[in-house]
Amino acid sequence: MKWILRHGLLFILAVLIGIVFLFKFSINLYADVLWFKSMGYETVLYTMIFSEIGLRIATFIFLFLFFLVNLLITRRVIRLEKVFIEYDNQDVIPIREFFLQKILTPKTLMLAYLAVSFFFALVLSGITSGHWLTVQSFLNSSSFNFVDPVFSKDIKFFIFSIPFYRLVYAVLVSAVVGSALLVGLTYFLFTPKNQFRVKLSSFKQPQIHFSILISIFFLLKAWSYKLSAYELLYSERGIIYGAGYTDVTAQLPAYNILAIIALALAVLIIISIFLRIYRIIIGSVALLIIASILLGSVYPSAIQKFRVEPNQFVRETPFIENAIAFTRKAYNLHDITIKQFPVDRNLTLEDLENNSNTINNIRLWDYRPLRQTFSQLQTLRLYYDFKDVDIDRYWIDGEYRQVMLSARELDQRQLQAQAQTWVNQRLRYTHGYGIVMSAVNETTPEGLPSLLVKDIPPKTSSPDLEIKEPGIYFGELTTNYVIVNSNTKEFHYPSGNDNVETTYQGNGGVPLNSILKRVFFALFHADYRLLLTGELTADSKILYNRDITTIAQKITPFLHLDKDPYIVLFEGRLYWIRDAYTVSSMFPYSQPFGNNFNYIRNSIKIVTDAYHGTTKFYISDNTDPIIQTYSNIFPDLFEPLEQMPDGLRRHIRYPSYYFNIQARMLTLYHMQNPQVFYNREDAWSIPQEIFQGESQIMEPYYMIMQLPGEKEPEYILMLPFTPLNRLNMVAWLAGRSDGDNYGKLVLYQFPKEAHIFGPMQIESRIDQNSEISQQFSLWDQRGSQVLRGNLLVIPIENSLLYVEPIFLQAEQSKFPELRRVIVAFGERIVMEETLEASLAVLFGSKKPADVKEPESPPIEQGEDTGVFDQQQLISLANRLFKEAVEYQRRGDWAEYGNALKELEDVLNKLANITEMGISAKE
């Protein structure tokens with residue numbers, strides 16, 4: 001009775017856990033169905049769900065039938081009346097045996113077989129969980145149209161077929177091994193002992209049954225050896241990634257021989273059943289183990305040690321060629337255009353004027369200090385935040401200009417503690433507002449960025465930058481759900497002492513048009529207030545999964561997402577553009593990048609409307625067979641790039657992440673001569689630079705410039721190269737972004753006999769310049785910090801300029817000012833207040849001016865030097881007053897005093913501006 005009670009309670013607990021799990025799964029599934037439908041991609045969700053469930057069910061059915069058939073075979077020899085121990089002692093009453101005889105009837109045994117088969121099939125079917133894309137890719141694979149050099153198979157076989165075959169192999173082995181364990185246990189428990197007494201001249205059913213299973217296992221092992229032979233193209237044995245001399249001449253024949261041996265032994269085991277010689281089975285297993293050790297390990301190791309290593313280059317030459325060619329193709333390096341860049345030092349002022357588009361777009365502002373400055377100048381309220389600063393280009397008043405911009409998103413975590421109510425977080429503070437944009441090369445006299453778009457509501461310097469819909473309901477910081485179109489008006493933007501309110505008119509969100517949906521979302525979000533609030537109406541909608549990363553991950557979990565989406569202003573609306581990549585770790589002979597992949601293509605551009613949340617996926621590389629395969633699986637998901645609006649297409653760019661991977665692989669794989677590659681004679685490296693006093697690897701940077709031989713300036717991404725373990729520069733790589741040239745790479749190589757200063761050599765010369773280093777030391781002693789921005793190498797004509805901005809920041813604030821610009825050309829280095837002044841000193845008749853310290857020290861947080869207009873000062877004063885109140889509430893009297901002092905300074909400057917305005921009118 002205790003046994004039944006105990007196990008009955010466990011069974012009830014298991015059922016309850018199953019019900020809870022199923023309920024939670026159903027809730028999440030229905031939430032996804034509603035969300036995907038609102039996004040217009042319900043067919044994508046159904047494809048993923050039915051593929052996953054269908055694969056799991058198919059695997060389960062196969063395993064269930066395989067286990068059940070094998071268990072049913074055991075019934076032929078099971079005699080339940082002889083299962084139990086027979087006692088000779090008449091005084092012993094076999095109560096337990098009598099009870100088991102009552103329980104174990106043919107009917108209950110059949111039920112037990114069904115239950116055991118069901119359980120193990122359910123558990124082992126988890127092998128295929130999450131592998132729906134492997135199966136779908138195999139069924140919908142697209143050809144690469146070139147073959148490997150060893151097996152002459154199209155590359156799609158290695159990308160799509162081998163992962164599928166390995167999955168099938170894992171399922172089949174699980175079925176055979178699982179069946180062997182189940183039937184072995186069954187024979188052991190329920191058959192008479194003499195069933196296992198093997199005679200030399202006879203086989204009984206258990207032995208025959210096990211022999212067949214072992215034979216099937218050997219057949220699978222033969223197939224595994226063939227798959228292992230193909231996987232030699234990912235070998236890491238030699239000096240290159242992929243099959244080397246030992247792999248092709250020793251390991252490959254060994255796998256083929258082992259496959260033949262395994263196949264022959266499988267047949268021999270079947271024959272042994274008829275010959276009734278059980279020793280053949282034992283001998284077959286022993287033979288396969290010995291052969292696998294000798295052929296699979298000892299022999300290849302001997303070939304590698306005694307034949308390859310003494311004459312490695314000669315043996316490995318054709319395989320080095322394979323590795324170079326396939327790695328270049330895997331990272332799209334084979335299409336790079338290589339040009340020579342003959343360097344001279346004859347650059348003149350006339351040359352600079354002829355390249356004014358390049359000079360006028362040299363990026364002086366670095367995105368890291370600029371973000372701090374944006375935060376100080378343009379957040380305007382504590383609950384706004386600029387997560388990142390993006391770099392882009394716009395046509396402004398007929399001029400092609402590079403700009404830096406950032407989205408002003410609403411971060412509810414920054415609300416005052418007493419304001420973080422449910423109504424505020426779910427109904428009122430629902431979205432961010434607008435952007436801030438500045439020119440990359442312009443500053444005010446006080447060293448602050450020249451803003452092209454600023455303030456709330458947005459003020460723009462040109463009609464080309466007009467913002468008609470500034471609301472940001474979908475962004476990088478929108479990680480919580482909100483409800484729109486309720487009785488509570490949404491906060492839109494602050495206006496003086498009042499707030500402007502709005503109601504969402506977008507297409508995003510799921511309607512809350514029934515009590516059942518309110519109940520459902522209350523359960524889904526574990527938020528009972530959705531049921532109790534009286535603010536919802538029939539038009540209310542719930543917006544969830546709002547952050548653009550979650551949107552892309554849920555719709556396309558098989559894509560590798562770029563970590564840096566960027567905001568775009570187009571036709572008065574705000575859009576997010578994000579790059580996405582197709583990757584694989586199964587490309588033959590290709591050197592892996594880290595441990596993640598050895599093939600990558602920038603095949604997708606993702607565009608998300610910041611107001612509506614509408615998301616589209618555009619194919620930017622239709623030559624990629626992987627994205628072709630995904631398009632076959634999801635015919636309604638992707639659109640050709642030609643269907644992207646022209647205005648948005650003008651903002652797509654060569655992605656920095658992709659470019660950086662290609663540049664790192666190019667440091668070795670630009671060497672296409674096997675001898676040079678083997679000796680690493682011409683290996684390159686990514687140069688170092690000094691940023692904020694620390695040495696770091698140089699980042700690729702965007703710029704507008706006219707490439708050598710081209711007629712028009714264009715938007716490019718570039719990065720220089722230096723030789724390995726040396727500092728001079730040997731080449732630079734450009735990724736083109738405009739028009740028909742989008743996606744093309746150009747490598748400019750310097751003459752080998754010329755010495756071109758590398759970035760760190762210029763950094764060292766800056767440190768060695770007595771006037772510059774003396775000025776740095778002076779500023780560092782005056783309560784401020786010198787921040788050295790990115791060093792930019794600027795190719796102009798056949799010459800190179802080096803430009804490095806210098807920022808000053810007060811120790812107690814995060815408010816960098818651009819105070820100096822260093823320019824180096826040839827042997828000369830100058831530092832002046834502006835880029836124009838530095839260029840004039842270098843190329844004009846003007847003599848180098850003495851470096852002066854700034855007329856005013858770097859401003860502290862909240863302080864201003866007159867560069868702000870009246871509205872900015874009013875906004876700053878309001879913010880400082882609220883900060884002072886908050887410091888007072890916390891009891892932080894030191895910060896309270898500082899805030900009041902800063903507020904006093906701002907009010908004084910506001911008074912001065914007002915007096916100046918009155919005087920001007922008089």
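Residues numbered from 1 in each chain as written. Predicted model: local features only at pLDDT ≥ 70, side-chain atom pairs only at ≥ 80, totals over all residues. Heavy atoms only, no water.

(A) Seen up close, the packing of aromatic side chains. In the structure shown here, the tally under the stated rule is 66 aromatic pairs. An aromatic cluster is built from Phe138, Phe151, Phe157, Phe158, Phe164, Tyr165, Tyr169, Trp223 and Tyr230, whose rings are joined through pairwise contacts. The ring centre of Tyr169 lies 5.6 Å from the NZ or CZ of Arg166, which sits over that ring. Lying over the aromatic face of Tyr225, Lys221 brings its terminal NZ or CZ to 5.2 Å of the ring centre. (Phe/Tyr/Trp six-rings, centres within 6.5 Å; stacked < 30°, edge-to-face > 60°. Lys NZ or Arg CZ within 6 Å of the ring centre and 35° of its normal.)

(B) Inspection of the packing of helix α2 (residues 42–74) against helix α6 (residues 155–190) at higher detail. The N-to-C vectors of α2 and α6 enclose an angle of 30°; their axes lie 9 Å apart at closest approach. Of the possible angle classes, the one that applies to α2 and α6 is roughly parallel. Viewed along their axes, α2 and α6 form a crossing whose handedness is right-handed. Contact with α2, carried on its side by Thr59, Phe62, Leu63, Phe66, Phe67, Asn70, Leu71, Ile73 and Thr74, involves Val171, Leu172, Ser174, Ala175, Val176, Gly178, Ser179, Leu182, Val183, Thr186 and Tyr187 of α6 and no other residues of that element. Across the contact of α2 with α6, the residue classes break down as 13 nonpolar, seven polar and no charged. (Axes fitted to C-alpha atoms, helices over the stretch in contact; angles between N-to-C directions. Helix = DSSP H or I, 4+ residues; strand = E, 2+ residues; numbered from the N terminus. Parallel < 35°, antiparallel > 145°, perpendicular 65-115°, else oblique. Left-handed = near helix turned anticlockwise from the far one by under 90°. Contact = heavy atoms within 4.5 Å. Nonpolar A, V, L, I, M, F, W, Y, C, P; charged D, E, K, R; others polar.)

(C) Spatial organisation of the sheet that holds strand β14 (residues 510–511). Within the open sheet, the three strands sit side by side as β11-β15-β14. Their pairing is antiparallel. Two strands in the sheet have a free side with no partner beyond their single neighbour: β11 (482–484) and β14. With three bridges joining them, β11 and strand β15 (residues 541–543) adopt antiparallel strand pairing. Pairing of Val482 across the sheet is with Leu543, part of β15. (Pairing = 2+ DSSP bridges.)

(D) Broad picture of the nonpolar core. Core analysis: the largest hydrophobic core is formed by 174 residues, its most contacted members being Phe638, Phe721, Trp732, Leu801 and Tyr802. Apart from the residues within four sequence positions on either side, Phe638 is in contact with Phe558, Leu559, Ile604, Phe617, Ile619, Ile627, Tyr630 and Ser631. Counting 31 residues, the second-largest nonpolar core is a separate cluster that includes Val453, Ile567, Val568 and Tyr618. (Core = buried A, V, L, I, M, F, W, Y, C linked by side-chain atoms within 4.5 Å. Buried < 20%, exposed > 50% of the residue type's maximum accessible area, 1.4 Å probe, protein only.)

(E) Representation of unusual backbone geometry. Looking along the chain, the bond that leaves Ile456 and enters Pro457 is cis, with omega of -10°. Relative to the helices and strands, Pro457 is located in the loop between β8 (449–454) and β9 (459–460). Backbone geometry at Glu797 places phi at a positive 55°, although glycine is not the residue there. By the secondary structure assignment, Glu797 is in the loop between β30 (792–796) and β31 (799–810).

(F) Up close: the pairing of strand β26 (residues 714–723). Counting buried positions over the ten residues of β26 gives ten, a clear majority of the element. Judged by which residues are buried, β26 turns out to be covered on both faces: Glu714, Ile716, Met718, Pro720 and Thr722 on one side and Tyr715, Leu717, Leu719, Phe721 and Pro723 on the other are all buried. For strand β25 (residues 701–705) and β26, the ladder comprises five bridges, and the chain directions are antiparallel. Residue Met705 lies in a different strand from β26, and its bridge partner there is Glu714.

(G) Expanded view of the environment of Phe843. As for its position among the elements, Phe843 is in helix α24 (residues 835–843). Residue classification places Phe843 among the buried positions, given a relative accessible area of 13%. With 494 residues separating them in the primary sequence, Phe843 and Leu349 have C-alpha atoms 5.8 Å apart. Beyond its immediate stretch of four places on either side in the chain, Phe843 contacts Leu347, Thr348, Leu349, Leu352, Leu801 and Phe825.

(H) Spatial organisation of the pattern of salt bridges. Following the criterion strictly, the structure yields 26 salt bridges and no others. Here Asp247 and Arg237 are joined by a salt bridge, their closest N and O atoms 3.0 Å apart. Highlighted residues: Asp247 in helix α8 (residues 245–275) and Arg237 in the loop between α7 (205–230) and α8, separated in sequence by ten residues. Under the relative-accessibility criterion, Asp247 is labelled buried at 2%. A salt bridge links Arg653 to Asp564; the nearest nitrogen and oxygen atoms lie 3.4 Å apart. Of this pair, Arg653 sits in the loop between α19 (646–649) and α20 (656–669) while Asp564 sits in the loop between β16 (560–561) and β17 (566–570), and the two are 89 residues apart along the sequence. (Salt bridge = Lys/Arg side-chain N within 4 Å of Asp/Glu carboxyl O.)

(I) How the structure looks around the environment of Ile794. Position of Ile794 relative to the elements: it lies in strand β30. Considering only alpha carbons, one finds Ile794 and Ile359, 435 residues apart in sequence, at a separation of 8.9 Å. Look past the residues within four positions of Ile794 in its chain and what remains in contact with it is Thr358, Ile362, Met703, Ser799, Leu800, Leu801 and Val803.

Limitation: the analysis is restricted to geometry and does not speak to function.
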